[in-house]
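Structure assessment
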Amino acid sequence: DGGITQSPKYLFRKEGQNVTLSCEQNLNHDAMYWYRQDPGQGLRLIYYSQIVNDFQKGDIAEGYSVSREKKESFPLTVTSAQKNPTAFYLCASGVIDSSKLFFGSGTQLSVL
Amino acid sequence: QKEVEQDPGPLSVPEGAIVSLNCTYSNSAFQYFMWYRQYSRKGPELLMYTYSSGNKEDGRFTAQVDKSSKYISLFIRDSQPSDSATYLCAMSANNNAGNMLTFGGGTRLMVKP
């Protein structure tokens, strides 16, 4: 069953803690993306990657980091430098030459 | 002013009604337009994808683009309670631009039995 799997569904972060959100896809897509969704706001791009071992900052990359060691995987780390991390985080993938994106089910991150 | 504006709603309609959801935008370079449906606490799923101006129909859904007015619409015929969700519009200037999508904030739709 092809798709994008995000885990965990809910995550809590303590002050000063780094947390990592997982994103795995078996759609054989080259491009992967991380978006942040806040209530009433459009999705905002955090980071994206179009090839293994390469990634680019999006509009709101500060306080976040990513890696792309495998085509299937694109984990996002929310660092302690991100002062307002509470949001719904969405991972997406797609083919390189298309703006049609396929999204995972999201991770809700909250601060304790 | 946001680049893409969308009324947040909620829009409440009775089952069977025709629903009209709209977005306005300011960037005249946008030429690819999408509508995504997002159920509560789930990821968005692509409903409609259109290029330039005109209409596109898929079952009960019709997407309409008016580039001269910088206005796009999604019509849902014979609305069902299962259509209750948040609808996001998205647009880009370049098809090779998964990283260049601009999203609206979404309109929450409630279809009551």
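Please refer to the structure higher up on the page.
About the criteria used
Residues numbered from 1 in each chain as written. Chains lettered and ligands numbered in written order. Predicted model: local features only at pLDDT ≥ 70, side-chain atom pairs only at ≥ 80, totals over all residues. Heavy atoms only, no water. Pairing = 2+ DSSP bridges. Helix = DSSP H or I, 4+ residues; strand = E, 2+ residues; numbered from the N terminus. Contact = heavy atoms within 4.5 Å. Polar contact = N/O pair within 3.5 Å; in protein donor to acceptor, adjacent residues only side chain to side chain. Buried area = accessible area lost by both parts, 1.4 Å probe. Salt bridge = Lys/Arg side-chain N within 4 Å of Asp/Glu carboxyl O. Nonpolar A, V, L, I, M, F, W, Y, C, P; charged D, E, K, R; others polar.

1. Brief notes about the sheet that holds strand β3 (residues 19-25) of chain B
Judged by pairing direction, the sheet is antiparallel, and its 5 strands sit side by side in the order β1-β3-β8-β7-β6 (chain B) without closing on themselves. Since the sheet does not close on itself, it has two edges, and those belong to β1 (4-5) and β6 (54-58) of chain B, each with one partner.

2. Structural notes on unusual backbone geometry
One can expect most non-glycine residues to show negative phi and most peptide bonds to be in trans. The peptide bond linking A:S7 to A:P8 adopts the cis configuration, its omega dihedral lying at -5°. Going from B:G9 to B:P10, the amide bond is cis rather than trans, its omega being 10°. You can see B:P10 is positioned in the loop between β1 and β2 (11-14). Even without glycine at this site, A:N28 takes up a positive phi of about 60°. When you line up the elements, A:N28 lands in the loop between β3 (19-25) and β4 (31-37).

3. Structural notes on the environment of B:T62
Residue and element names in this part refer to chain B. Structurally, the position occupied by T62 is in strand β7 (residues 61-66). The spatial distance from the C-alpha of T62 to the C-alpha of S73 is 8.1 Å, given a sequence separation of 11 residues. Filtering out sequence-adjacent residues up to four positions away, T62 remains in contact with M48, K56, E57, S73, L74, F75 and R77. At 2.9 Å, the side chain of T62 and the side chain of R77 are in polar contact.

4. Details of the interface of chain B and chain A
Each partner contributes to the interface: chain B provides 21 residues, whereas chain A provides 23 residues. For the pair chain B and chain A, the two sides together bury roughly 1800 Å², of which 51% comes from carbon and sulfur. It is B:R41, B:N99 and B:F103 in chain B that bury the most area against chain A; as a group they hold 32% of the surface buried on that side. Inspection of the region where chain B meets chain A yields 0 salt bridges. The tally of links from chain B across to chain A stands at 5 residue pairs in polar contact (both at pLDDT 80 or more). Taken together, the elements giving at least two residues each to the side of chain B that touches chain A come down to β4 (32-38), β5 (45-51) and β9 (85-92) of chain B. Looking at which element gives the most residues to the side of chain B that touches chain A, the answer is β4(B), with 3 residues. Split by residue class, the side of chain B that touches chain A holds 9 nonpolar, 9 polar and 3 charged.

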